[in-house]
Amino acid sequence: MANKKLKDILNVSKEVATTSFLSSETFTDIIQSTGEYLVSEGTASLISDVAGCLVPGVNSIVLAYKQKKFQNRVNNVLEIICERIEVLERNFSSLSSNKQEAFRTTYLEWLMENLYNEKQDEKTSCYISGYVNLMSESANDNLMLMFFNTINELTTLDIEVLRMYSYDSADNIYALCDRQNLKPDQVMVIKEKLARLGLLQSKNDEYRDENLDYIVSHLEEVAKENKKKNPKTISISRTKIKKINKSDSFHITRLGIDFLKVISI
């Protein structure tokens, strides 16, 4: 399969779609800095599909959107893709033809739909990183929908709070509250939201689960003992019941760690 230079693809896009970004110095700089990079025909087609969203009638994806509002997002998407072209090329080229087709059609459509409905421009890079990083043979409809549904639920502040719990973070709640002009109670609401999504784990919830497991085990033991002719009294061990604290603490889950990896550059 013949390779194509990125600058040729982008220049064709520039001829087809005249927008403020494609006519800007930024676009020219991108062509100059990454233009000689060779990409496969599959990756070239994928980038062309994204650029096609800028022009009514060029790509079916555009039919679902109000063109002017959507163009701004697509401009940003193209810029981010160009910055990550090596990763995109590597991941996309490693896919089977069926997976490439899925990422060029269904998953690209889902990406664009979510970007159109997204209220925070700052999250665009998270969407693109997720789309690119999830390019693998293990990707499927459920996995992609789970990613899009999760990131739709989150604000940039939610993601910032989640990153505070990553193992390599030096951030803390006091610095976060000062930086974002928040109160600790407001941050707690965000933590509880992240816990509901499975990205954080509440220590109190862990204690409740452990207490419940112990009580069930105790009741089973009592029921077994009561079947005997001379049953013994089995008391609950207070030392095995975990105390639920008024102030909860949290830690990041495996799902939370994986999610941060997926949206990272």
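Residues numbered from 1 in each chain as written. Predicted model: local features only at pLDDT ≥ 70, side-chain atom pairs only at ≥ 80, totals over all residues. Heavy atoms only, no water.

S.K.: How would you explain the layout of surface pockets if you had to name every residue and give the values?
M.R.: Of the pockets and cavities examined, the second largest pocket occupies roughly 170 Å³. Around the second largest pocket sit L134, L143, M146, F147, T150, L199, L255, D258, F259 and V262, which together line it. The set of elements that each furnish at least two residues to the lining of the second largest pocket consists of α9 (141-153) and α14 (254-262). Looking at side-chain class alone, the lining of the second largest pocket contains eight nonpolar, one polar and one charged residues. (1 Å grid on protein atoms, 1.4 Å probe; cavity = no way out; pocket = protein on both sides within 12 Å on 5 of 7 lines; lining within 4 Å. Points joined across faces, edges and corners; volume = space filled by probe spheres on them. Helix = DSSP H or I, 4+ residues; strand = E, 2+ residues; numbered from the N terminus. Nonpolar A, V, L, I, M, F, W, Y, C, P; charged D, E, K, R; others polar.)

S.K.: Explain the environment of E137 residue by residue, including any values.
M.R.: Tracing the chain through its elements places E137 in the loop between α8 (124-133) and α9. By relative accessible area, which is 41% here, E137 ends up partly exposed. A sequence separation of 37 residues divides E137 from Q100, and the C-alpha atoms of the two residues are 9.4 Å apart. Apart from the residues lying within four places of it in its own chain, the contact partners of E137 are S94, L95, S96 and K99. (Buried < 20%, exposed > 50% of the residue type's maximum accessible area, 1.4 Å probe, protein only. Contact = heavy atoms within 4.5 Å.)

S.K.: Can you lay out the packing of aromatic side chains for me, pointing to particular residues and giving the numbers?
M.R.: If you walk through the whole model with that rule in mind, you get five aromatic pairs. Between the aromatic rings of F103 and Y107, the centroid separation amounts to 4.9 Å while the plane-to-plane angle is 80°, which identifies the pairing as edge-to-face. In terms of burial, F103 and Y107 fall into one category: buried. Taken together, a centroid distance of 6.2 Å and an interplanar angle of 40° make the contact between F147 and F259 tilted. Taken as a pair, F147 in helix α9 and F259 in helix α14 lie far apart in primary sequence, 112 residues in all. On the basis of relative accessibility, which here comes to 6%, the residue F259 falls in the buried class. (Phe/Tyr/Trp six-rings, centres within 6.5 Å; stacked < 30°, edge-to-face > 60°.)

S.K.: Which residues make up empty space enclosed by the protein, and what are the values?
M.R.: Applying the stated rule across the entire model yields one cavity of 30 Å³ or more. Taken as a whole, the largest cavity spans an internal volume of roughly 40 Å³. Every element with two or more residues in the lining of the largest cavity is listed here: α7 (106-117) and α8. In terms of residues, the lining of the largest cavity owes the most to one element, α8, which gives three residues. Taken together, the residues that form the lining of the largest cavity break down as eight nonpolar, no polar and no charged.

S.K.: Run through the side chain of K193, naming residues and quoting values.
M.R.: Along the chain, K193 turns up in helix α12 (residues 184-196). Engagement of the side chain of K193 in a polar contact is seen with the backbone oxygen of E153, the distance being 2.6 Å. With residues near it in sequence (within four places) discarded, K193 still touches E153, L154, T155 and D158. (Polar contact = N/O pair within 3.5 Å; in protein donor to acceptor, adjacent residues only side chain to side chain.)

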